[in-house]
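# Structural features, examined
Chain residues, written in single-letter form:
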Amino acid sequence: MRSIQQNLAKFNEVGIRPVAISVDSPEASRDLCQKAGYTFTFLSDPNLQAITKYDLVHKGQGEGGRDIARPAEFLIDSSGIVRWRMLTENYWVRARPEQVLEAANAAAVVNGS
């Protein structure tokens, strides 16, 4: 997520609005954002509603065996269509900002933007 924050201006330039979704409580998410200096939108989904909708529940992989979200990145257009995604089972593996920007450019070309 640090790389998202570090590249926020680049994302904004091409119309990407980063949004993170966490299973943590709103308070825990707020505290994380304040400590880490994240200024992009950070949503809380402790009941796993959105996380379940996108089939991202990583059963029993959190503290004390609680369910958490699988690491994933999506590019979703303004009509709600998923244009690109990267899924992984490894918490530490995330898309690099360059990958996201390249995918956004490719999606824009495909959709005639």
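Let me sum up the structure you'll find in this document. (Residues numbered from 1 in each chain as written. Predicted model: local features only at pLDDT ≥ 70, side-chain atom pairs only at ≥ 80, totals over all residues. Heavy atoms only, no water.)

## Considerations on the pattern of salt bridges
As a reminder, the rule being used: Note on definitions: salt bridges are taken to be side-chain nitrogens of Lys or Arg within 4 Å of carboxyl oxygens of Asp or Glu. We count a stretch as a helix when DSSP gives it H or I for four or more residues in a row; a strand needs E for two or more, and each element gets its number in order from the N terminus. Residue exposure (1.4 Å probe, protein chains only): buried if accessible area is under 20% of the type maximum, exposed if over 50%, otherwise partly exposed.
Per the stated rule, a full pass over the model turns up five salt bridges. Here Arg66 and Asp24 are joined by a salt bridge, their closest N and O atoms 4.0 Å apart. A residue pair is termed long-range when its members are at least 10 positions apart, and Arg66 in the loop between strand S3 (57–58) and strand S4 (68–69) and Asp24 in the loop between strand S1 (19–22) and helix H3 (26–36) qualify at 42 residues. Here Arg96 makes a salt bridge to Glu98, at a shortest N to O gap of 3.5 Å. Judged by its relative accessible area of 48%, Glu98 is partly exposed.

## Quick notes on a nonpolar patch on the surface
Note the cut-off: Patches were defined on residues exceeding 30% relative accessible area and lacking a salt bridge, with like-charge contacts within 9 Å and nonpolar side-chain contacts (Val, Leu, Ile, Met, Phe, Trp, Tyr) within 5 Å. We get accessible surface area from the Shrake-Rupley algorithm with a probe of 1.4 Å; when it comes to residues, only the shown protein chains can shield them.
Together, Val19, Ile21 and Leu43 make up an exposed nonpolar region whose accessible area comes to about 240 Å². Here Leu43 shows up in strand S2 (residues 41–44). What makes Leu43 partly exposed here is its relative accessible area of 41%.

## Considering the pairing of S2
Selection criterion: By the convention used here, strands pair only if DSSP detects at least 2 bridges between them. Call a crossover right-handed when, viewed with both strands pointing away from you, the route from the first strand across the helix to the second goes clockwise.
By the bridge criterion, four bridges tie S1 to S2 in an arrangement that is parallel. Following the sheet pairing, Ile21 is matched in S2 by Leu43. Considered for its hand, the β-α-β crossover made up of S1, H3 and S2 is right-handed.

## What to know about the nonpolar core
Soluble globular proteins tend to pack their nonpolar side chains together in the buried interior. The test is simple: As used here, the term nonpolar core means buried Ala, Val, Leu, Ile, Met, Phe, Trp, Tyr and Cys residues forming a set that is joined through side-chain atoms within 4.5 Å. When checking whether two residues touch, look at their non-hydrogen atoms; a contact exists if any pair is within 4.5 Å.
Counting residues in each nonpolar core, the largest one holds nine residues, listed as Phe11, Ile16, Leu75, Met86, Ala95, Val100, Leu101, Ala103 and Ala104. If one sorts the elements of this core by residue count, helix H5 (residues 97–110) sits on top with four residues. With residues up to four places along the chain from it excluded, the contact list for Ala103 reads Leu75 and Trp84. Ranked by size, the runner-up nonpolar core spans six residues in total, among them Leu8, Ala20, Tyr38 and Phe40.

## Description of the packing of aromatic side chains
Put simply, the test is: Any Phe, Tyr or Trp ring, taking Trp's six-membered ring, that has another such ring centre within 6.5 Å forms a pair; planes under 30 degrees apart are called stacked, those over 60 apart edge-to-face, and the others tilted.
Following the criterion strictly, the structure yields four aromatic pairs and no others. For the ring pair Phe40 and Phe42, a centre distance of 6.3 Å and an interplane angle of 35 degrees mean the geometry is tilted. Judged by its relative accessible area of 7%, Phe40 is buried. Between the aromatic rings of Tyr54 and Phe74, the centroid separation amounts to 5.2 Å while the plane-to-plane angle is 55 degrees, which identifies the pairing as tilted. Of the two residues, Tyr54 is situated in the loop between helix H4 (49–53) and S3 and Phe74 in strand S5 (residues 72–76); the sequence distance between them amounts to 20 residues.

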